[in-house]
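Summary of the model geometry
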Amino acid sequence: MKQSADPGATPQAKVDDHGRYMVMVLEAAQSIQERLEAALAEVGLTSAKYQAIDALAKAGEPLTLSELAGSLKCVRSNITQLVDRLEADGLVKRVDDPADRRAVRAVVTPLGMDRRAEGTKAVG
């Protein structure tokens, strides 16, 4: 991080400089997020939907919702709602877990794979 222009600046001036830099970083991050969301919206996705279908595609096999939640670093209840929306869009489907009748797994559909490719191209 760049030092204060005045090496003899007071501690408060240095704190103020750090605060300004932090605001600049946060504003840049928000701008990048807005551009990402806009690019994905053009192909009918949000960043959350894209990240979920990307994680499922990279896994190469159906994942339990808990595994998907862990992969995306979020709570399972959020994943359940997200998978509901993805399933309604035809991008993901739930399948039975052959090893545990109580568990459900999610897998990307062919449409989901196509949409993932479009999303990757849009943000690339």
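Everything here concerns the structure above.
Described below are features of the structure shown in this document.

Conventions we followed
- Residues numbered from 1 in each chain as written.
- Predicted model: local features only at pLDDT ≥ 70, side-chain atom pairs only at ≥ 80, totals over all residues.
- Heavy atoms only, no water.
- Salt bridge = Lys/Arg side-chain N within 4 Å of Asp/Glu carboxyl O.
- Helix = DSSP H or I, 4+ residues; strand = E, 2+ residues; numbered from the N terminus.
- Buried < 20%, exposed > 50% of the residue type's maximum accessible area, 1.4 Å probe, protein only.
- Expected span 1.5 Å × (residues − 1).
- Axes fitted to C-alpha atoms, helices over the stretch in contact; angles between N-to-C directions.
- Left-handed = near helix turned anticlockwise from the far one by under 90°.
- Contact = heavy atoms within 4.5 Å.
- Nonpolar A, V, L, I, M, F, W, Y, C, P; charged D, E, K, R; others polar.
- Pairing = 2+ DSSP bridges.
- Parallel < 35°, antiparallel > 145°, perpendicular 65-115°, else oblique.

With that settled, consider the pattern of salt bridges. Using the criterion set out here, one finds 10 salt bridges in the structure. In this structure, Lys49 engages Asp89 in a salt bridge whose closest nitrogen and oxygen atoms are separated by 2.5 Å. With a gap of 40 residues between them, Lys49 in helix 2 (residues 47–59) and Asp89 in the loop between helix 4 (76–88) and strand 2 (92–97) connect regions that are remote in the sequence. Lys49 sits in the buried class, given a relative accessible area of 13%. A salt bridge links Arg102 to Asp100; the shortest N-O distance between them is 3.1 Å. Take Arg102: its relative accessible area is 75%, and that puts it in the exposed class. A residue is classified by how much of its surface remains accessible, and Asp100, at 25% relative accessible area, is partly exposed.

Every α-helical turn comprises 3.6 residues, leaving residues that sit three or four positions apart pointing alike. Taking 1.5 Å of rise per residue, the 13 residues of helix 2 would be expected to cover 18 Å, and the 18 Å separating its terminal C-alpha atoms lies within 8% of that figure. Considered for burial, the residues of helix 2 that qualify are Ser47, Lys49, Tyr50, Ala52, Ile53, Asp54, Ala55, Leu56 and Ala57. Just beyond helix 2, the residue with positive phi is Gly60, at close to 75°.

Relative orientation of the contacting elements helix 2 and helix 5 (residues 110–123) amounts to 115°, with a least axis distance of 10 Å. With respect to the hand of their crossing, helix 2 and helix 5 are arranged in left-handed fashion. Residues Tyr50, Ile53, Asp54, Ala57 and Lys58 of helix 2 form the contact with helix 5, whose participating residues are Gly112, Met113, Arg115, Arg116, Gly119 and Thr120. A class-by-class count of the residues in the contact of helix 2 with helix 5 yields four nonpolar, three polar and four charged.

Next up on the list: the pairing of strand 3 (residues 100–108). As paired elements, strand 1 (residues 63–64) and strand 3 share two bridges and run antiparallel to each other. Its bridge partner lying in strand 3, Thr64 is registered against Arg105. Two strands pair when backbone bridges link them, and strand 2 and strand 3 are joined in this way by six bridges, in the antiparallel orientation. Bridged to Arg94 within strand 3 is Ala106. Hairpin geometry of strand 2 and strand 3 is characterised by an intervening segment of two residues between the two adjacent antiparallel strands.

This part covers the packing of helix 2 against helix 4. Where helix 2 contacts helix 4, the two axes come as close as 10 Å, and the packing angle between them is 85°. The pairing of helix 2 with helix 4 is recorded here as roughly perpendicular in orientation. Contacts between helix 2 and helix 4 involve Ala48, Lys49, Ala52 and Ile53 on the former and, on the latter, Leu82, Arg85 and Leu86. Looking at the contact of helix 2 with helix 4 residue by residue, the class counts come to five nonpolar, no polar and two charged.

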